[in-house]
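# Summary of structural features
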Amino acid sequence: MTTSRVDAGELIRRWRDRLDPADAGITVSTRRRVPGVRREELAQLAGVSVDYLIRLEQGRATRPTGAVIGSLARALRLSRAERDHLFRAAGLLPPGDRLIDDHISPGVARILSRLGDQPLAVYAADWQLIRWTNSWAALLGDPTAVSASDRNLVRVVFTCDIGQYVRSERDAHHLESALVSDLREAAARYPSDPRVRGLIDEMNAHHPRFAELWQRAAVGVHAADRKTISHPTVGDITLDCDVLMIPGSDLKLVLYSATPGSRDYELLEFLRVVEPVTSRD
């Protein structure tokens, strides 16, 4: 047993004890005897097994991966400095400035918790879905139904039938072009990141439409749009889609909304009530 593993487990236990369940999006109906969140709750938030978390906290997990430590850091609402310290304590190098950073700051995590009744999600610079609210899952489908790699919006748009998201060929082409342009911008900022390079190589090799757009070398960002979504329960619902950049990071906060009192607003409210889905917020 190495000191670094013990230190990592100690840090996780201390940060778990200090985390307010409300800040983690956990509703507490009874008074707790101990502070913080339970192991079972943290494990669910981080997407790891309870058994593995116990072994990690006890210093018995041999080689925690960067993905696991990063997920725990997000679930614990750590600051960037705390996240980097946890990586080092686990015997890992913190994510460098030249790599895409999936870390969600405590402030953004609180926004997600407070706006859980809105269709809201956070994407990384390469359009990898990181966190989402219950209403997002009710509107667009539960992301946990697919593997983590398939939660990348670029993969979704170029490998699946995107008729759920757009209602015309013109709108589909606009979305494709915007995503490729935005991804080229991310590739320029993170030329050494293996995840973004692997995504680009994969898409160029297997998807002619992506390769065609990539060769045009357009650069831009995917921002505000208006989309009509075909939902299996309520039918077509037209919403404003805003993409907000989070200051100090390359994370994108994507929010769907409708004008209060409109038919689409009422449909969105209806979905929130009748389509409960476990959120990852």
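Quick note: structure is the one above.
Residues numbered from 1 in each chain as written. Predicted model: local features only at pLDDT ≥ 70, side-chain atom pairs only at ≥ 80, totals over all residues. Heavy atoms only, no water.

## So, the sheet that holds strand 4 (residues 235-245)
The sheet built from five strands is open, its strands ordered 2-1-5-4-3 with antiparallel pairing. Each edge of the open sheet is held by one strand with a lone partner, namely strand 2 (129-132) and strand 3 (225-231). Within this sheet the neighbouring strands show an average axis-to-axis angle of 30°, counted without direction. Pairing between strand 1 (residues 120-123) and strand 2: three bridges, direction antiparallel. Within strand 2, the position partnered with Tyr 123 by the bridge is Leu 129. (Pairing = 2+ DSSP bridges. Helix = DSSP H or I, 4+ residues; strand = E, 2+ residues; numbered from the N terminus. Axes fitted to C-alpha atoms, helices over the stretch in contact; angles between N-to-C directions.)

## Remarks on the packing of helix 2 (residues 39-46) against helix 4 (residues 66-75)
Packing of helix 2 against helix 4 brings their axes to within 8 Å, and their N-to-C directions diverge by 115°. Seen from above, helix 2 lies across helix 4 with right-handed handedness. Two secondary-structure elements touch here, helix 2 through Leu 42, Leu 45 and Ala 46 and helix 4 through Ser 71, Leu 72 and Ala 75. The residue inventory of the contact of helix 2 with helix 4, partitioned by class, reads five nonpolar, one polar and no charged. (Left-handed = near helix turned anticlockwise from the far one by under 90°. Contact = heavy atoms within 4.5 Å. Nonpolar A, V, L, I, M, F, W, Y, C, P; charged D, E, K, R; others polar.)

## Digging into the layout of surface pockets
Space inside the largest pocket adds up to approximately 880 Å³. As for the largest pocket, its lining consists of 37 residues, of which Ala 67, Ser 71, Arg 74, Asp 102 and Arg 195 are closest to the centre. If you list the elements that add at least two residues to the lining of the largest pocket, you get helix 2, helix 4, helix 5 (80-89), strand 2 and helix 10 (194-206). Its residues placed into classes, the lining of the largest pocket shows 18 nonpolar, eight polar and eleven charged. (1 Å grid on protein atoms, 1.4 Å probe; cavity = no way out; pocket = protein on both sides within 12 Å on 5 of 7 lines; lining within 4 Å. Points joined across faces, edges and corners; volume = space filled by probe spheres on them.)

## Focus on the pattern of salt bridges
Tallying each qualifying case throughout the model produces 22 salt bridges. The salt bridge partner of Arg 155 is Glu 202, with a shortest N-O separation of 2.8 Å. Of the two residues, Arg 155 sits in helix 8 (residues 153-159) while Glu 202 sits in helix 10, which places them 47 residues apart along the sequence. Note on Glu 202: relative accessible area 26%, which makes it partly exposed. The closest approach of N and O atoms between Asp 225 and Lys 227, which form a salt bridge, is 3.7 Å. Of the residues examined, Asp 225 reaches a relative accessible area of 22% and is grouped as partly exposed. Beyond isolated ion pairs, a larger network of salt bridges with shared partners links Glu 176, Arg 209, Glu 212 and Arg 216. (Salt bridge = Lys/Arg side-chain N within 4 Å of Asp/Glu carboxyl O. Buried < 20%, exposed > 50% of the residue type's maximum accessible area, 1.4 Å probe, protein only.)

## Considerations on the environment of Leu 56
By the secondary structure assignment, Leu 56 is in helix 3 (residues 50-57). In this structure the C-alpha to C-alpha distance between Leu 56 and Gly 9, which are 47 residues apart in sequence, comes to 5.5 Å.

The analysis is restricted to geometry; functional conclusions fall outside its scope.
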